[in-house]
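# Structural characterization, general
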Amino acid sequence: MAARGHVQDPNDRRLRPIYDYLDNGNNKMAIQQADKLLKKHKDLHCAKVLKAIGLQRTGKQDEAYAVAQEVAALEPTDDNSLQALTILYREMHRPELVTKLYEAAVKKVPNSEEYHSHLFMAYARVGEYKKMQQAGMALYKIVPKNPYYFWSVMSLIMQSISAQDENLSKTMFLPLAERMVEKMVKEDKIEAEAEVELYYMILERLEKYKEALDVVRGKLGEKLTSELQSRENKCMAMYKKLCRWPECNALSRRLLLKNSDDWQFYITYFDSVFQLIDESWTPPPEEEHSLEGEVHYSIEQAVKFIEERITEESKNSRPLRGPYLAKLELIRRLRYRGCNDEYKLGDPEELMFQYFKKFGEKPCCFTDLKVFVDLLPSNQYPKFISQLLEVIPLSATAESEIALPASIKALQQHLCVVQLSRLLGIYHTMDKRQKLSVVREFMLRYRHGLEFGKSCLKTELQFSDYYCLLAVHLLLDLWLEGEETAVWQCLTLLEEGLSHSPSNAQFKLLLIRIYCRLGAFEPVAELYASLDAKHIQHDTIGYLLTRYAESLGHYAAASQSCNFALRFFHSNQKDTSEHIIQAYKYGAFEKIPEFIAFRNRLNSSLHFAQVRTERMLLDLLLEANISTSLEESIKSMSLSPEEDDIPWKDLRDNRDLTVLFNWDPKGRDISEEHRKLSLEEETMWLRIRSLTLRLVSGLPTLSHTIQPKNSEKTAENGVSSKIDTIRSLLQQLEAAVDSGKKFLEQKIQYPVLGPPPTRMAGFFSNGSCQCQTSLFYLVSVIYELDTNGLDSAEIQERIGNSFKSLVERLTDLFNKCKGDLIEVRDGTLKTHPNLLENLVFFVETISIALWVSSYCDGVLRPFKSNLQKKKKKKKESSVAMPPVFTHFLDYVNELQTLTSNVIDHIKGLEIILTALKLEELSLKDTLLLQEEKKFTKTVQEKVQSSYHHSVQEIGELLKKRLDTIKKLKI
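Residues numbered from 1 in each chain as written. Predicted model: local features only at pLDDT ≥ 70, side-chain atom pairs only at ≥ 80, totals over all residues. Heavy atoms only, no water.

## Focus: the overall build of the chain
Selection rule: Put simply, DSSP H or I for four residues or longer makes a helix, DSSP E for two residues or longer makes a strand, and each gets a number counted from the N terminus. Throughout, a contact is declared for two residues whenever any of their heavy atoms are within 4.5 Å. Here, Shrake-Rupley sampling with a 1.4 Å probe gives the accessible areas, and only protein chains in the shown set may cover a residue.
Of regular secondary structure, the chain possesses 41 helices and four strands. Projected onto its principal axes, the C-alpha coordinates of the chain cover approximately 120 × 85 × 65 Å. For the chain, long-range pairs separated by at least 24 residues make up 73% of all intrachain contacts whose partners lie at least 6 apart in sequence. Looking at the chain as shown, the accessible area adds up to about 45,100 Å², and 51% of this sits on carbon and sulfur atoms.

## Things to note about the packing of aromatic side chains
Heads up, the condition is: To pair, rings of Phe, Tyr and Trp, with the six-membered ring standing in for Trp, must have centres within 6.5 Å; the planes then decide the type, stacked if under 30 degrees apart, edge-to-face if over 60, and tilted in the middle. Buried residues are those whose accessible area, probed at 1.4 Å on protein chains only, stays under 20% of the maximum for their type, while exposed residues exceed 50% and partly exposed ones sit between those limits.
Considering all chains together, one arrives at 28 aromatic pairs under this definition. Considering the side-chain rings of Trp263 and Tyr266, the 5.8 Å spacing of their centres and the 50° angle between planes classify their relative orientation as tilted. In this pair, Trp263 and Tyr266 are both assigned in helix H15 (residues 263-278), three residues apart and thus about one turn of the helix distant. Overall, the relative accessible area of 31% leaves Trp263 in the partly exposed class. Judged by relative accessible area, Tyr266 falls into the buried class, the value being 0%. When the centroid spacing of 6.3 Å and the interplanar angle of 50° are considered together, the rings of Phe814 and Phe842 count as tilted.

## Quick word on the confidence of the model for the chain
Counted only if it meets this: Known as pLDDT, the predictor's confidence for each residue is given on a scale from 0 to 100.
For the chain, per-residue confidence averages 89 on the pLDDT scale, and 94% of positions sit at 70 or higher. Predicted confidence in the chain is weakest over helix H34 (residues 711-717), with a mean pLDDT of 44, and strongest over helix H25 (residues 505-517), with 96. Here residues 1-7 is a poorly scored stretch, pLDDT under 50, and it has two contacts once near neighbours within four places are set aside; other chains count. Scored below 50 in pLDDT, residues 706-717 shows eleven contacts in the model against residues more than four places distant or in partner chains.

## Looking at the packing of helix H5 (residues 79-91) against helix H7 (residues 113-126)
Working note: a packed helix pair is described by the angle between its axes plus the distance between those axes. For the record, the criterion: Fitted lines through C-alpha atoms give the axes, limited to the stretch in contact for helices. The angle between two N-to-C directions lies from 0 to 180 degrees. Our angle categories are set so that under 35 degrees counts as roughly parallel, over 145 as roughly antiparallel, 65 to 115 as roughly perpendicular, and the remainder as oblique. Classification convention: Asp, Glu, Lys, Arg as charged; Ala, Val, Leu, Ile, Met, Phe, Trp, Tyr, Cys, Pro as nonpolar; all other residues, Gly among them, as polar.
Remark: H5 packs on H7, axes separated minimally by 13 Å, with the N-to-C direction vectors making an angle of 5°. The pairing of H5 with H7 is recorded here as roughly parallel in orientation. Across the interface between the two elements, Asp79, Leu82, Gln83 and Arg90 of H5 pack against Glu114, Tyr115, His118 and Arg125 of H7. In terms of residue class, the contact of H5 with H7 is made up of two nonpolar, two polar and four charged.

## Some points on the environment of Leu509
Structurally, Leu509 can be placed in helix H25. Classification of Leu509 by relative accessible area gives buried; the value is 3%. Between the alpha carbons of Leu509 and Leu660 there is a distance of 6.9 Å; along the sequence they are 151 residues apart. Beyond its immediate chain neighbours, meaning those up to four positions away, Leu509 contacts Leu531, Leu544, Val659 and Leu660.

## Some details on the pairing of strand S3 (residues 822-825)
As a reminder, the rule being used: Paired strands, as defined in this entry, are two strands with at least two bridges between them according to DSSP.
With four bridges joining them, S3 and strand S4 (residues 828-831) adopt antiparallel strand pairing. Looking at the pairing, Glu823 lines up with Lys830 of S4.

## Quick word on the state of the cysteines
Among covalent bonds in proteins, the disulfide is the one between the sulfur atoms of two cysteines. Which entries qualify depends on this criterion: Cysteine sulfur pairs qualify as disulfides if the two atoms are within 2.5 Å.
As enumerated under the stated definition, the model contains zero disulfides in all. Cys248 supplies the cysteine sulfur nearest to Cys235, a cysteine that is in no disulfide, at a spacing of 10 Å. Residue Cys243 stays outside any disulfide, its sulfur separated by 8.7 Å from that of Cys248, the closest cysteine.

## Looking at the nonpolar core
Short version of the rule: By convention a nonpolar core is built from buried Ala, Val, Leu, Ile, Met, Phe, Trp, Tyr and Cys residues, the set being connected through side-chain atoms within 4.5 Å.
Counting residues in each nonpolar core, the largest one holds 302 residues, and the members touching the most others are Ile514, Tyr584, Phe589 and Phe842. Tallying contributions element by element places helix H39 (residues 833-874) first for this core, with 19 residues. When residues no more than four places from it in sequence are discounted, the contact partners of Tyr584 are Phe120, Met121, Met132, Trp151, Met154, Ser155, Met158, Phe589 and Ile592. Grouped together as the second largest cluster of nonpolar side chains are eight residues, Cys562, Ala565, Phe608 and Val611 included.

## Quick word on the side chain of Asn572
Structurally, Asn572 can be placed in helix H29 (residues 555-585). For Asn572, the residues in contact, after removing those within four places along its chain, are Phe598, Arg599, Leu602 and Asn603.

## Topic: helix H3 (residues 45-57)
Short version of the rule: One less than the number of residues in a helix, times 1.5 Å, gives the span that helix is expected to have.
Look at H3: 19 Å from first C-alpha to last across 13 residues, which is about the 18 Å you get at 1.5 Å a residue. Across the 13 residues that make up H3, a large majority, ten, are buried. Taken residue by residue, H3 has Cys46, Ala47, Val49, Leu50, Lys51, Ala52, Ile53, Gly54, Leu55 and Gln56 as its buried positions. Along its buried surface, H3 packs onto helix H1 (10-23), helix H2 (27-40), helix H4 (61-73) and H5. Count one or two residues on from H3 and you reach Gly59, which has phi positive near 90°.

## Quick word on the pattern of salt bridges
Close approach of charged atoms allows side chains with opposite charge to pair. Just so we agree on the cut-off: Salt bridge criterion: a side-chain nitrogen from Lys or Arg within 4 Å of a carboxyl oxygen from Asp or Glu.
Applying the stated criterion to the full structure yields 54 salt bridges. Note that Arg445 is salt-bridged to Glu441, the shortest N-O span being 2.8 Å. In this pair, Arg445 and Glu441 are both assigned in helix H22 (residues 432-449), four residues apart and thus about one turn of the helix distant. Shared partners join several salt bridges into a network, and the residues in it are Asp271, Glu329, Arg332 and Arg333.

## Here we look at helix H38 (residues 793-815)
With 23 residues, H38 should reach 33 Å at 1.5 Å per residue; the first-to-last C-alpha distance of 33 Å fits that figure. Along H38, the residues that are buried comprise Ile795, Gln796, Ile799, Gly800, Phe803, Leu806, Val807, Leu810, Leu813 and Phe814.

## Description of the packing of H1 against H2
Stated formally: Helix crossings fall into two classes, left-handed where the near helix is turned counterclockwise from the far one by less than a right angle and right-handed where it is turned clockwise.
With their axes 7 Å apart at the nearest point, H1 and H2 run at an angle of 165° to one another. One way to sum up the angle between H1 and H2 is to call them roughly antiparallel. You can see that H1 and H2 cross each other, and the crossing is left-handed. Note on element contacts: H2 touches H1 through Asn27, Met29, Ala30, Gln33, Ala34 and Leu37, opposite Arg14, Leu15, Pro17, Ile18, Tyr21 and Leu22. Here the residues of the contact of H1 with H2 are counted per class, giving nine nonpolar, two polar and one charged.

## Points about the environment of Met616
Within the element layout of this structure, Met616 appears in helix H31 (residues 606-623). Distance from Met616 to Lys742, taken between C-alpha atoms, is 28 Å for residues 126 residues apart in sequence. Leaving out residues up to four positions away in the same chain, Met616 has contacts with Met637, Leu639 and Leu693.

## Remarks on unusual backbone geometry
Most of the time, phi is negative for any residue but glycine, and the peptide bond is trans. For His93, which is not glycine, the phi dihedral falls at a positive 60°. Among the residues examined, His93 registers a relative accessible area of 58% and is labelled exposed. Located in the positive-phi region is Asn625, a residue other than glycine, with phi close to 65°. The residue Asn625 is located in the loop between H31 and helix H32 (630-636) in this model.

## Focus: the environment of Val884
With respect to the helices and strands, Val884 occurs in helix H40 (residues 883-915). By relative accessible area, which is 1% here, Val884 ends up buried. Each C-alpha atom, one on Val884 and one on Gln796, is 5.4 Å from the other, the two residues being 88 residues apart in sequence. Look past the residues within four positions of Val884 in its chain and what remains in contact with it is Leu785, Leu790, Gln796, Ile799 and Leu860.

## What about the side chain of Asp857?
Of note, Asp857 is situated in helix H39. Overall, Asp857 belongs to the buried group, its relative accessible area being 8%.

See below:
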């Protein structure tokens, strides 16, 4: 101990075992150890807090909070207690309590740099920008270090960003921040690059572009060294804002002379040349052209400059793509301006051919040329492709009549040509027979290409994977043209591809989309898990999973997939705060507004709102009135019919709709219009689901109170306002349904690999929508009965009619669920996912019917017991029972019968699915090789098993609902 030069605090030694238990996840032992220690040392605050952490982690939140508040009330100033309380509050998601903790500590120890900086970071976690500014200045006064001063300046900028009034931001916060920095500049106290960045950020936000440019070009700009070309990029941005095109041109020209492969500077160079031509700019006589040197202001100079870059490049040992692509870009721009012929830059077809000869073996060759294919006339496409094919060294072998590549380089070149052929629409014009022969050729080339990848690791992709993907795309075309067997071949080829290339995300994503289209969700969960989606991907590609899980009857998997997504969205709040704190610590000020924009974008994510809503509906479906009462379920979710927490105006569609590779020509690809329509459809469907959830959450608020009702009483009880909420929500639901129906009248067809359509069309066409709205209208009528009593025969008749029409509608919905889920037709398997989706809607609708029936039951029971009391008093045997009781009992009996029938139907489906002998399917398609048949069998078994699983889960849930119906006998 003595050798270390300091004496260890005995309390640290006492607390060490508790820390160890907590670190190892042994929370119960941590609590026991803390209790032992507290018996001996009652005033050891930190032990109490560590005990609270143990309680929090064992699910005893309230107890943990009480213990923590005991310690917090004592306003501790020892480091151990403060740190432990900070950890606890963070785990409780109560960062605002940390600020109070350090406010008290700073009052007691006013000169502590550590506590002041902790207080600043605590404010940063909750976004208290004004208090951050004050805390930063207080810190600077105690310890005059530059970073603390600039923390305060950054907090002013954050106040300006978060200010609702833009005028206030530009007239108060930003000018104050500017003055604060100018003071440091005048006193020559600017030390770090981050401080110059901050000054630049302020001037840019104030739109003082000239001043910002002076800062970057001046002495302060010399500090901008951490990023490559940071100074030049900032200058360029300011020149563009100031429309100083001569400087833009000269700077981009100078940078291209340094590095002729930097594409962004080619774009700026061309933009500025054409701006100068349009302005008829000429250089001033006898002066420098511009601050940045020589300027090019004519097309001749641009052409010459690009030609020179190509000549220079040809001397390079490593070929660069930039100059060659710049030439094509210049041709495109000249053509757009209608003046290409004057400047003999060459024929685009020949230039692209030369480019292919130079870079054809690089995977990027296709994406480079893709941008410029519209320079070719469409009648030249076949000639261009055959010209490219001629230069690829392919050699015919004895076993195959197809000429195959002898090296990886030749394979990559051939793949590039094949991708270009697809892009130019050459395969789209073929008939069925030709397409199938191309598929066969691609698969032969794919299997031959596997030879080159024998030494590849499992995590590496095979060189010939794209052949397999392109074959699948051709088969998808055939499937859309009505060729039913094609879809099974797609799955077969993809499963085969995945067996050779287990890390190929494109294979997995395509399999996910196709299995979902066929109604089989079971294999999808495993495929998605193997993609190992990280962080933001839960928002960008999570829709592939959450869209289908519940609608195909996989309730457990749906719960799990919603949890994955929600865990990410909830942790985003906490993580972003930590990122912001790190940015302050390390002076990365320009990143702070980005982090906040990122957090806001995720909070207003469409997918987040959808998953939240669907998750709550799913929980109610699986638990309400089964394991817990509807009221308890709604309470545990903190649901309220009045509250709508979806930011409708700010909803952001963060889905990545281009995650699947696509080589389709422009007209067939996913367009901006598709994205807009898909977002519109998703928002409409979300509105319908959200209103349904809020209507269901309103049912327990109407619950029957025993005393006789009169209008004054109900107004006092506030229940009348509750029914008004329900009625208003019902009107909104009607409006949402109407706009949904209008939208569907457009009969939009998304591309097969574009955004998946919502469940809205099925919801309307199978009758679920009408059933659910009628059920919510019934609530309103039952409420009238509850308020007016049993005297009104008219209300009772309306209720009776509602019951009858509901049973008819539910029976119609059941009829739409009838039919085989999988049938064998002409030796081919055909699935009917729509029947599965209808069954899932039936279960949901019957559940809502039961929740409404429970409310009805709660209203009628007291009436019945009152009648029976009267009957006993009067000792009359024949007090007539009001008809509403008979109506209700008949309705419940019919619901019971209907549900039993559906359960029997599901049992029948299970038997059929089990008995389906897939191996007897004569896959008459001669295209299938022996090894492919093995994968076909696997695919069909996966689909069969998935349907079986769906039907089982739906059946189990319906049985639980049937038990609930049996309890509804008043």
